[in-house]
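Residues per chain, in single letters:
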Amino acid sequence: MSDTALLAAVAARRDALIALTQDLIRFPTLNPPGLQYLEICEYLADRLRAQGFTVEMIRAHGAIADSDTYPRWNMVARLERGPGECVHFNSHHDVVAVGHGWTRDPFGGELDGDRIYGRGACDMKGGLAASIIAAEAFIATHPDFNGAIEISATADEESGGYGGVAYLAEQGYFHPDRVQHVIIPEPLNKDRICLGHRGVWWAEIETHGRIAHGSMPFLGDCAVRHMGAVLAEMEASLFPLLATKRTDMPVVPEGAKQSTMNINAIHGGEPVQEADYTGLPAACVPDRCKITIDRRYLIEENEGEVRAEIIAVLEKVKAERPDFHYELNELWSVSPTMTDRNAPVVKTVEAAISKVLETQAEFVVSPGTYDQKHIDRIGTLKNCIAYGPGILDLAHQPDEWVGVQDMEDSAKVMALTLAELLL
Ligand SMILES: [Zn+2]
């Protein structure tokens, strides 16, 4: 059986690909809070059982955010036809909040020209649909393949993946004895292979003061002014330092090829009142001020260095400023990860892109993390990439869409990848 027959089998499923994507978008799997996770998993389970897959429905009991009201359901489907290797496609089924500015029904799955619209269209129900169509076309044309195909739909990627891939990895689902190749069809564009992501370090910094009457601030100690000194020191020394740290990782977009830090939030003094509150504020010196920082770091850095830079800023301010007290509270961290360019799944997808699209694959690294972190660290599986249709910039935006031709092309790449690894 030639590549031509397999590619034709994918092309013949174009209408099925559209319908499947629309069906998936019509489940409003919003996270938070975690809606219709069971429903979408059951829908996928029915479809894949009809193809001969054995399906497991796995609830992440005890994981963050799992509750009887909002259970964290995952689906893993496996079709094994021989002792060969296993290729696993992992997609998250959750989507982020709709937000404002839509001109289309976010859960309508509307098809207009080459585009299908909806929350999650590109991130990443289009990729999930493409991987299923690729598998179905491959199974139909090569029923006696050697090895196993797995397709999973997992919860909570948009909130860290703890009720999804992290949970499955802890249960051994991504152990290299069981799975040899993982492709995550996140929307990185059909001609790009994403090797990994930068690291993350989140922390809160709190400055302390003393409350007093606002007419006599000299009797108190203003925590907001202390935080102002921290921010000024960050502007003077930390941000310029981060701009000098460049990476050899092929991170896109260009601006993310350096260390970055976002200040997510600042809170100090009296809380913001409800919009319908008509009173005046009270006259008080704020005794607490807090910021949340989101530091993204490079494979050339390590978490210890990142922490030490922040402590250096705080200690410098402390040395210069009377009565300065702070607390540093670390919230979350993820190490950077990058799969080797010569790993088998990378080489195979690279060759398939060149056949289907007649172009050289571009290698990229994501500025933010995704579920590869859990497959790498908990699952200990290194042979993993993100590859899928859709334009990353459209993710989480109003009027999110995915292109039908892009989905078909990337389904062809995925199908050829299966043929290369399982025949
Ligand atoms: Zn995603």
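Preceding block: the structure.
Not measured: the values here are computed from a predicted model.

Cut-offs applied
Residues numbered from 1 in each chain as written. Predicted model: local features only at pLDDT ≥ 70, side-chain atom pairs only at ≥ 80, totals over all residues. Core = buried A, V, L, I, M, F, W, Y, C linked by C-beta atoms within 7 Å. Buried ≥ 20, exposed ≤ 12 C-beta atoms within 10 Å, placed from the backbone. Helix = DSSP H or I, 4+ residues; strand = E, 2+ residues; numbered from the N terminus. Domains from an automatic or database assignment. Contact = placed C-beta atoms within 7 Å. Axes fitted to C-alpha atoms, helices over the stretch in contact; angles between N-to-C directions. Parallel < 35°, antiparallel > 145°, perpendicular 65-115°, else oblique. Left-handed = near helix turned anticlockwise from the far one by under 90°. Nonpolar A, V, L, I, M, F, W, Y, C, P; charged D, E, K, R; others polar. Expected span 1.5 Å × (residues − 1). Pairing = 2+ DSSP bridges.

Core analysis: the biggest nonpolar cluster contains 99 residues, and Ile133, Ala134, Ile385, Ala415 and Leu418 have the highest contact counts within it. Here the element with the most residues in this core is helix 4 (residues 121–141); it accounts for twelve residues. When residues of this core are assigned to domains, at least three map to each of domain 1 (3–197 + 336–422) and domain 2 (199–270 + 281–334). When neighbours within four sequence positions are excluded, Ile385 is seen to be in contact with Ile183, Ile193, Cys194, Leu195, Thr339, Val345, Val346 and Val349. Listed in part, the 14 residues of the second largest apolar core include Met227, Met234, Val285 and Ile310.

This part covers the packing of helix 2 (residues 14–25) against helix 10 (residues 404–422). For the pair helix 2 and helix 10, interaxial distance at closest approach is 10 Å and the crossing angle is 110°. As judged from the angle between their axes, helix 2 and helix 10 are roughly perpendicular. Here helix 2 and helix 10 pass one another in a crossing that is right-handed. Residues Arg14, Leu17, Ile18 and Thr21 of helix 2 pack against Val404, Met407, Glu408 and Ala411 of helix 10. Grouping the constituent residues of the contact of helix 2 with helix 10 by class yields five nonpolar, one polar and two charged.

Right, let's talk about helix 3 (residues 37–50) for a bit. Over its 14 residues, helix 3 extends 20 Å from the first C-alpha to the last, a length consistent with the 20 Å expected when each residue adds 1.5 Å. Buried residues along helix 3 sit in contact with helix 2, strand 1 (54–59), strand 2 (73–80) and strand 6 (148–154).

Bringing the sheet that holds strand 16 (residues 401–403) into the picture now. With antiparallel pairing, the three strands of this open sheet are ordered in space as 4-5-16. Each edge of the open sheet is held by one strand with a lone partner, namely strand 4 (111–112) and strand 16. The sheet contact formed by strand 5 (residues 115–117) and strand 16 spans three bridges and is antiparallel. Paired with Tyr117 across the strands is Trp401, a residue of strand 16. Relative to the sheet, helix 4 contacts strand 5 and strand 16, its axis offset from that of strand 16 by approximately 40°. Against the sheet, helix 10 contacts strand 5 and strand 16, and its axis sits at roughly 60° relative to strand 16.

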